[in-house]
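What follows is the residue order along each chain.
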Amino acid sequence: VKFLDEYRDARAARQLAARIAATVTRPWTLMEVCGGQTHSLVKYGLGDLLPPGLELLHGPGCPVCVTPLETIDRAHALAATPGVVLCSFGDMLRVPGSHTDLLRLRARGADVRIVYSPLDALALAGTLPDRQVVFFAVGFETTAPATAMTAALARRRGITNFRLLVSHVRVPPALVHVLQAPGNRVQAFLGPGHVCTVMGLSEYTALVDHHRVPVVITGFEPVDLLEGILRAVEQLERGQATVVNQYARLVAPDGNPAARRLLAEVFEVCDRPWRGMGVLPASGLGLNAAHRGLDAAQLVPDMPPVAEPPECLSGEVLRGLRRPPECPAFGKRCTPLHPLGATMVSSEGACAAYFQYKRPEARGEEEAL
Amino acid sequence: VTDLVFDCPVPRLDHDHVVLGHGSGGRLTTQLIQRLFLPAFASPLLARMEDQAVLPPLPAGGRVAFTTDSFVVSPPFFPGGDIGQLAVNGTVNDLAVGGAVPLYLSAAFVLEEGLPLDDLARVAASMREACRQAGVELCTADTKVVSRGKGDRLFITTSGVGLVPEGRALSISAARPGDRVLVSGPIGDHGIAILSTREGLEFETELVSDTQPLADLTAAMLQACPGIRCMRDPTRGGLAGVLCDLAAASGVGVRLVEAAVPLRPAVRAACELLGLDPLHVPCEGRLAAVVPAEDADRLLAVMRAHPRAREAALVGTVVAEDRGVVVLESVIGSARVVTPLPGEQLPRIC
């Protein structure tokens, strides 16, 4: 398959691993930002190809993981409201809130539907004029433009039975939060390839200038990731800090201006709570005044803030302070079927990746299941 | 073959659609049986219209294999097949992979009020063709009708009996370190063909379901290699599910080589786009076989010479270490664990 096989080539991977080993002279700690990158790293066992002392921490770039519990509870309250059809991306269905999840609500009679695009939810609203159709809009700058396009269309067409529960988030404030966290060890980032197809490089140039930390915008295949790691350690060894675009086959320096115009038309930057990390300033995208009529949050009362199970360390995992097997509950009281927290429940979460792909002994548990 | 199916003369019924009366046990039920099912299935045992099929004595020495399966696939007609074909092949294959020679099937139909009778006739005709291909007789059947909205067009449950010849005992707990793992062809075609028709997800592909009966293939394999330890058809849960079950039941590890697992480019591309692992995607006409190492090459040659397994491949090895665990050697040479599906990924695929 074109654009895949050349990035999963064993010889290219080994050559890059050898160049990384030849480049590093001391220990370095990098963070890959995206859940998709974490999954590739763990799935292909890339850590085993890296020289000792070169450590990768897993970042906060998993949209399901960082969606706050109270927002998930709000989606559940919406789904349980008579007359509401709740549309969601499939991976949100299994995510437990403080009381239930969408699959259980559906089994009890709620109308919950999986869609692959918010535009499908808008089309559904057209066919169900006497129902209120709500799309649960989660994700980073990658999925936000599709939500924005849908919101703009709904407003222009004057559709009154369509609403959005918006929980979109921005990557750069989360990276600043990671860098400023007490005990931070991250010295360079593998930046979010798909986010940058929309946003371009300028936000990351600003981050690099301010924090003096190298950022390599990186893809998701094994060869991409190894090349991203090489570009990062080259900078660290030379004492440089710049933005390098490893994923240039998809990321234009200016990103996708048309998508950004849509974001600007519909959203405004707002403060947003992140699961396990607290409220991060300017980290969210919320509906602006012209589109606030589409906000589904108005349909249900405010949800009380909910504390995470005290046993769950997903906040520390998301900030790169701990690795999944370091959690005492990992693989024992916390598994994909009985997740304690976000990083296990989302298929993109770091804990789920370790559970799915690592040998039981490496997962730190006795039984496979 | 399809010409045969559609030329089959089905006498006109008084209705175009299933009505509740077709399940009443009265005159309309009789009409449905006599005008639609009996001509379609052409089974002398069924045509006796008794409450049960009384089977002729089975050859002495063997043991009877017995299995059952329900089919709820949505949509009932899909690229490369339909629910009727699937219902016959699924049960035939569950018998065949146990080393049984499939002989007789039952079929129970749950029909939703309003189902076009032409659709039912199409399903019945494709069941007959599937029975013919598998060499089985559909000898007893039942029909129920549920009100509109209480079902989804039609559900079919089939049960089957077959004969396991004397001395043959295949088992998922029989794998031993050193054994080889073979698959009979590319995996995941059925699952992706069904997914390509799903609402909101329609994508264009020339891919068709792999549904087919495997009894002739298993017969040829067992004749050439009586030492086969175990066979399984990787339906729901895919190849990953079968191999994880095997590793757990036999108390062994399995090493799978990613690059050796046959996969059509269309399946691979769809899995990449949808975030699926092809090892979890169901097949309905493939099998995995575990065989002692010394028999592996011969068995592979026999499989590749058979029209139902032209693209068979050797994909892995049974090992003593990593008991209960399937480890995949990835295309870049690293190793990762293969786990069963955590939840339902593709509902109503069969």
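Residues numbered from 1 in each chain as written. Chains lettered and ligands numbered in written order. Predicted model: local features only at pLDDT ≥ 70, side-chain atom pairs only at ≥ 80, totals over all residues. Heavy atoms only, no water.

(A) Highlighting the overall build of chain B. A tally of helices and strands in chain B yields ten helices and 13 strands. Its C-alpha radius of gyration of 21 Å places chain B within 12% of the 20 Å reference for a compact globule of 350 residues. Dimensions of chain B, computed from C-alpha atoms along their principal axes, come out at roughly 65 × 55 × 35 Å. A total of 350 residues make up chain B; the buried ones form 53% of that total. Looking at chain B as shown, the accessible area adds up to about 14,700 Å², and 52% of this sits on carbon and sulfur atoms. (Helix = DSSP H or I, 4+ residues; strand = E, 2+ residues; numbered from the N terminus. Rg over C-alpha atoms; globule rule 2.2 N^0.38 Å. Buried < 20%, exposed > 50% of the residue type's maximum accessible area, 1.4 Å probe, protein only. Areas by Shrake-Rupley, 256 points an atom, 1.4 Å probe, with all protein chains shown as cover.)

(B) Highlighting the pattern of salt bridges. This structure, assessed with the given rule, holds 31 salt bridges over all chains. For Asp302(A), the salt bridge identified is with Arg74(A), shortest N-O distance 2.8 Å. With Asp302(A) in the loop between strand E11 (278-287) and helix H13 (314-318) and Arg74(A) in helix H4 (residues 69-79), this pair connects stretches of sequence that are 228 residues apart. Between Glu311(B) and Arg264(B) there is a salt bridge; the shortest N-O distance is 3.5 Å. Of this pair, Glu311(B) sits in the loop between helix H10 (293-304) and strand E11 (313-319) while Arg264(B) sits in the loop between strand E9 (253-257) and helix H9 (265-274); the two residues are 47 residues apart in sequence, bridging distant segments of the chain. (Salt bridge = Lys/Arg side-chain N within 4 Å of Asp/Glu carboxyl O.)

(C) Quick peek at the confidence of the model for chain B. All names here are of chain B. In the predicted model, chain B carries a mean pLDDT of 92, and 95% of its residues have values of at least 70. Predicted confidence is poor over residues 1-9, with pLDDT under 50, and the contacts of this stretch with residues over four places away or in other chains come to six contacts. Predicted complex metrics record ipTM = 0.81 and pTM = 0.87. (pLDDT = per-residue confidence, 0-100. Contact = heavy atoms within 4.5 Å.)

(D) Main features of the sheet that holds strand E2 (residues 54-61) of chain A. All names here are of chain A. Reading across from one edge, E2-E1-E7-E8-E9 is the order of the five strands in this open sheet, with parallel pairing throughout. At either margin of the open sheet sits one strand with a lone partner, and together these are E2 and strand E9 (243-245). The sheet shows a mean angle of 25 degrees between the axes of neighbouring strands, direction not considered. Pairing of strand E8 (residues 215-218) with E9, which is carried by three bridges, proceeds in the parallel orientation. Opposite Val-215, over in E9, you have Val-243 as the bridge partner. Contacting strand E1 (28-34), E2 and strand E7 (188-192), helix H8 (residues 171-180) crosses the sheet at an angle of about 165 degrees to E7. (Pairing = 2+ DSSP bridges. Axes fitted to C-alpha atoms, helices over the stretch in contact; angles between N-to-C directions.)

(E) Layout of the confidence of the model for chain A. In this model, chain A carries a mean pLDDT of 92, and residues with pLDDT of at least 70 account for 98%. Contacts of residues 364-369 of chain A to residues separated by more than four positions or lying in other chains number eleven contacts, the stretch itself having pLDDT below 50.

(F) Quick peek at the nonpolar core. In terms of nonpolar packing, the biggest core is built from 86 residues, with Phe135(A), Phe162(A), Phe189(A) and Phe267(A) touching the most fellow members. Not counting residues within four places of it along the chain, the set of residues in contact with Phe189(A) comprises Met31(A), Val33(A), Leu175(A), Val178(A), Leu179(A), Leu207(A), Val213(A), Pro214(A), Val215(A) and Val216(A). Membership of the second largest hydrophobic core comes to 41 residues, among which are Leu38(B), Val73(B), Val92(B) and Leu154(B). (Core = buried A, V, L, I, M, F, W, Y, C linked by side-chain atoms within 4.5 Å.)

(G) The arrangement of the interface of chain A and chain B in detail. Chain A puts 26 residues into the contact, and the matching count from chain B is 21 residues. Both sides together, the interface formed by chain A and chain B hides about 2,000 Å², and carbon and sulfur atoms give 58% of it. In this structure, the salt-bridge partner of Glu272(B) is Arg8(A), at a minimum N-O distance of 2.7 Å. There are six residue pairs in polar contact (both at pLDDT 80 or more) connecting chain A and chain B. Of all the elements in the fold, those that place two or more residues in the side of chain A that touches chain B are helix H1 (10-23), helix H15 (350-357) and helix H16 (360-363) of chain A. (Buried area = accessible area lost by both parts, 1.4 Å probe. Polar contact = N/O pair within 3.5 Å; in protein donor to acceptor, adjacent residues only side chain to side chain.)

(H) Spotlight on the sheet that holds strand E1 (residues 63-71) of chain B. Residues and elements named next belong to chain B. Spatially, four strands are ordered E1-E6-E4-E5 in an open sheet, and the strand pairing comes out mixed. Sheet topology places E1 and strand E5 (137-146) at the edges, where each strand pairs with a single neighbour. Ignoring which end each strand starts from, the neighbouring axes of this sheet average 15 degrees apart.

(I) Fine view of the packing of H1(A) against helix H11 (residues 222-238) of chain A. Residues and elements named next belong to chain A. It is at 9 Å that the axes of H1 and H11 come closest, and there the two elements cross at 15 degrees. In this view, H1 runs roughly parallel relative to H11, as classed from their interaxial angle. H11 is crossed by H1, and the crossing has left-handed handedness. Counted together, Ala-12, Ala-13, Leu-16, Arg-19, Ile-20 and Thr-23 of H1 and Val-223, Leu-226, Glu-227, Ile-229, Leu-230, Arg-231, Val-233, Glu-234 and Glu-237 of H11 form the full contact between these two elements. Residues that form the contact of H1 with H11 fall into these classes: nine nonpolar, one polar and five charged. (Parallel < 35°, antiparallel > 145°, perpendicular 65-115°, else oblique. Left-handed = near helix turned anticlockwise from the far one by under 90°. Nonpolar A, V, L, I, M, F, W, Y, C, P; charged D, E, K, R; others polar.)

(J) Expanded view of the pairing of strand E12 (residues 326-329) of chain B. Residues and elements named next belong to chain B. Examined bridge by bridge, E9 and E12 share four bridges and lie parallel to one another. Counted as the bridge partner of Arg-255 is Val-327 from E12. Connecting the antiparallel pair E12 and strand E13 (residues 335-338) is a turn made up of five residues, with Gly-333 showing a positive phi of about 95 degrees.

(K) Looking closely at the state of the cysteines. Residues and elements named next belong to chain A. Evaluation of the coordinates by the stated rule reveals one disulfide over all chains. Shown here is the disulfide that connects Cys-62 with Cys-65, its sulfur atoms set 2.2 Å apart. Across the S-S bond linking Cys-62 and Cys-65, the dihedral sits near 70 degrees, which makes this disulfide right-handed. For the pair Cys-62 and Cys-65, a shared accessibility class is recorded, and that class is buried. (Disulfide = S-S within 2.5 Å.)

(L) Main features of the side chain of Asp73(A). Relative to the helices and strands, Asp73(A) resides in helix H4. When neighbours within four sequence positions are excluded, Asp73(A) is seen to be in contact with Gly97(A), Ser98(A), His99(A), Met303(A) and Val306(A).

(M) Up close: helix H2 (residues 35-43) of chain A. The element H2(A) is extensively covered by neighbouring structure, given that seven of its nine residues are classed as buried. Here H2(A) has its buried residues at Gly35(A), Gln37(A), Thr38(A), His39(A), Ser40(A), Leu41(A) and Val42(A).

(N) Structural detail: unusual backbone geometry. Here Ser74(B) and Pro75(B) are connected by a cis peptide whose omega angle stands at 0 degrees. Mapping Pro75(B) onto the fold places it in the loop between E1 and strand E2 (77-78). Of note, the phi angle at Arg212(A) is positive, near 55 degrees, even though the residue is not glycine. Tracing the backbone shows Arg212(A) in the loop between helix H10 (202-211) and E8. One non-glycine residue, Ala42(B), adopts positive backbone phi at about 50 degrees. Position of Ala42(B) among the secondary structure elements: in the loop between helix H2 (27-41) and helix H3 (44-47). Ala42(B) gets classed as exposed once you look at its relative accessible area, which sits at 51%.

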